[in-house]
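Structure at a glance
So you can see what is in the structure, the chains are spelled out below.
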Amino acid sequence: MLCPEIWKFPTPACKITHIEKPNWCQKTCQQRTEILALLQPIRMISVVIPANKPNCLRELESNLSVNSSLLFRVRQLPLIELLKNEFVEAFVKRGTLYAVSTNINLESGGCLVITPQGELEMSLSRETYQMVKGNLDDSVISKRGDMVVIKLDLKSPKCREQLGHVNLAFDITLRWIPPKSTTTKENNVPDPQVHGSSIAEYLRAVCRLQVENVPDGYKKITRTEECIPLIDTRNPFKDGEQAYIRQDQLLEYIGVLALDCNAAPIEYVSSYRLDECKKKTDTVTILHRQGVITPEEADGSIMRLVELVGECDTIPWVGMHVQGFSYTPVDLIYRGDQGVSLNQDSAYTMVITKQSIFWSKCI
């Protein structure tokens, strides 16, 4: 196995933000979700709790495990179907659409994402781009590494004018959230025919495509005899205090557990060793939720964790690691000597204590 030094992957620059818990809680839901919307769509939320307290965790587990979203996957969905006026009017201009390509071929590099704002972004190899460039304006094209990124507004008629001739198809996972107020034209009452699965019904009935139902993923992991770092609950991460773990170390430790790495002191690439600090051996509970998760849902998880730390005296801190999708055409960087362009790690990690929230994110 190659050691990490040989990979020569650049380490993403990170910024740690300290927020007093009352200041975060006093923000409106909209203000908090605007901050969290910097990373979307979200692929996975992982919660790390340095305890195994069934009574305290029951409601949190229920919130994370509930199948709250309807996900669908379409194999080789023609791009032209996403550009049609009836699709845009029904699912882009109304409600909120999340779409991200899956099963990416790194050799061709073709991937796609549709943002909640209705923007279509594609990352294409130069060979594929030569076949589709046609009527594309220079203003919608940018080059990153060996890839060409195309960014268009699906709500604009110019999008269909520029891409209507393109013969491309992607494996795509979709989630459509209907508008909050959906009424019939006759009597202004809620329309029961509009729901999250309407997009799947449209693709099956109108586009004649095979649509798969994708269940939300939920997983609970309990790690016994885990080495858990301690913090000074009266004054977490006090400057100059060497006995307790530093905030950057704790954030890294949470990321290690969320990614299911080995935290034991053994010399493997997948292992992680805590520096000398106060620690105890106890059970750690890790909860994973996978799917296409919205910033509003991430905010709901954060606020529930804030309540959990306040309610349970035996839980000094909790951590949350939020992971975006890989291989999306957003923030592409060039890595290595093999000409592979990958999406930079899109993630942030939080530590929530009784007094504060510490947030580490890539910049």
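Quantities reported herein were computed from a predicted structural model and do not represent experimental measurements.

What follows concerns the overall build of the protein chain. Within the protein chain, the regular secondary structure consists of 11 helices and 17 strands. When each of the 363 residues of the protein chain is scored for burial, the buried share is 47%. Restricting the contact set of the protein chain to residue pairs at least 6 apart, pairs at least 24 apart contribute 76%. Accessible area of the protein chain: about 18600 Å², with a carbon and sulfur share of 48%.

All right, on to the sheet that holds strand β6 (residues 119-125) then. Pairing within the open sheet is antiparallel, and its eight strands lie in the order β7-β8-β6-β5-β4-β9-β3-β10. Edge strands, defined here as strands with exactly one partner in the open sheet, are β7 (141-144) and β10 (211-214). Strand after strand, the sheet turns through a mean of 20° between neighbouring axes, direction not considered. Where β7 lies against strand β8 (residues 147-153), four bridges are found, and the strand directions are antiparallel. If you follow isoleucine 141 over to β8, its bridge partner there is isoleucine 150.

Along helix α3 (residues 29-36), the residues that are buried comprise Arg32, Thr33 and Leu36. For α3, the arc enclosing every buried residue in end-on projection is 95°, short of the 170-degree limit, so these residues lie on one face.

What follows covers unusual backbone geometry. Of note in the backbone geometry, glutamine 76 takes a positive phi value of approximately 50° without being a glycine. Following the sequence through the fold, glutamine 76 ends up in strand β3 (residues 71-78). Notably, arginine 208 is not glycine yet its phi reads approximately 60°, a positive angle. Looking at the secondary structure, you find arginine 208 in the loop between α9 (198-205) and β10.

Attention shifts here to the nonpolar core. Burial of nonpolar side chains together is a common tendency in soluble globular proteins. Grouped together as the largest cluster of nonpolar side chains are 41 residues, with contacts concentrated most on Leu79, Leu163 and Leu203. Sequence-distant contacts of leucine 163, that is, excluding residues within four places in its chain, are made with Leu79, Leu83, Leu120, Met122, Leu136 and Leu152. By size, the runner-up hydrophobic cluster in this structure holds 30 residues, among which are Leu60, Leu64, Ile315 and Ile352.

Another aspect to go through is the confidence of the model for the protein chain. Atom-level detail of predicted coordinates should not be read off regions where pLDDT is low. A residue-level look at the protein chain finds 73% of positions with pLDDT of 70 or above and a mean pLDDT of 76. Confidence scores differ between elements of the protein chain, with strand β14 (residues 332-335) showing the lowest mean pLDDT of 37 and helix α6 (residues 85-92) the highest of 94. Predicted confidence for residues 1-9 stays below pLDDT 50, and this span has six contacts to residues more than four positions away or in other chains. Here residues 330-345 is modelled with pLDDT under 50, and outside its nearest four sequence neighbours on either side it reaches 45 contacts, counting other chains as well.

Let's shift gears to the pairing of strand β2 (residues 42-49). For β2, the tally of buried residues reaches seven of eight residues, placing the bulk of the element in the interior. Relative to strand β13 (residues 317-324), β2 is paired through six bridges, and the arrangement is antiparallel. Counterpart to valine 47 in the pairing with β13 is methionine 320.

This part covers the pattern of salt bridges. The tally for this structure, following the rule as stated, stands at 10 salt bridges. For arginine 289, the salt bridge is made with glutamate 297, and the minimal N-O distance between the two is 3.8 Å. Each of Arg175, Arg289 and Glu297 takes part in salt bridges that share partners, so that together they form one network.

Before going further, it helps to spend a moment on the environment of glycine 291. Checked against the element boundaries, glycine 291 lands in strand β12 (residues 279-293). C-alpha separation for the pair glycine 291 and isoleucine 42, spaced 249 residues apart in sequence, amounts to 7.6 Å. Excluding anything up to four places from it in sequence, glycine 291 contacts Ile42, Arg43, Leu71, Asp216 and Phe325.

Before going further, it helps to examine the packing of α3 against helix α11 (residues 295-311). One can describe the packing of α3 onto α11 by two numbers: an axis separation of 9 Å at closest approach and a directional angle of 110°. The angle between α3 and α11 falls in the class roughly perpendicular. The chirality of how α3 crosses α11 is right-handed. Where α3 approaches α11, its residues Cys29, Arg32, Thr33 and Leu36 are matched on the opposing element by Pro295, Glu296, Ala298, Asp299, Ile302 and Met303. Among the residues making up the contact of α3 with α11, the classes are represented as six nonpolar, one polar and three charged.

Quick notes on the rules
Residues numbered from 1 in each chain as written. Predicted model: local features only at pLDDT ≥ 70, side-chain atom pairs only at ≥ 80, totals over all residues. Heavy atoms only, no water. Helix = DSSP H or I, 4+ residues; strand = E, 2+ residues; numbered from the N terminus. Buried < 20%, exposed > 50% of the residue type's maximum accessible area, 1.4 Å probe, protein only. Contact = heavy atoms within 4.5 Å. Areas by Shrake-Rupley, 256 points an atom, 1.4 Å probe, with all protein chains shown as cover. Pairing = 2+ DSSP bridges. Axes fitted to C-alpha atoms, helices over the stretch in contact; angles between N-to-C directions. Arc of directions from axis to C-beta. Core = buried A, V, L, I, M, F, W, Y, C linked by side-chain atoms within 4.5 Å. pLDDT = per-residue confidence, 0-100. Salt bridge = Lys/Arg side-chain N within 4 Å of Asp/Glu carboxyl O. Parallel < 35°, antiparallel > 145°, perpendicular 65-115°, else oblique. Left-handed = near helix turned anticlockwise from the far one by under 90°. Nonpolar A, V, L, I, M, F, W, Y, C, P; charged D, E, K, R; others polar.

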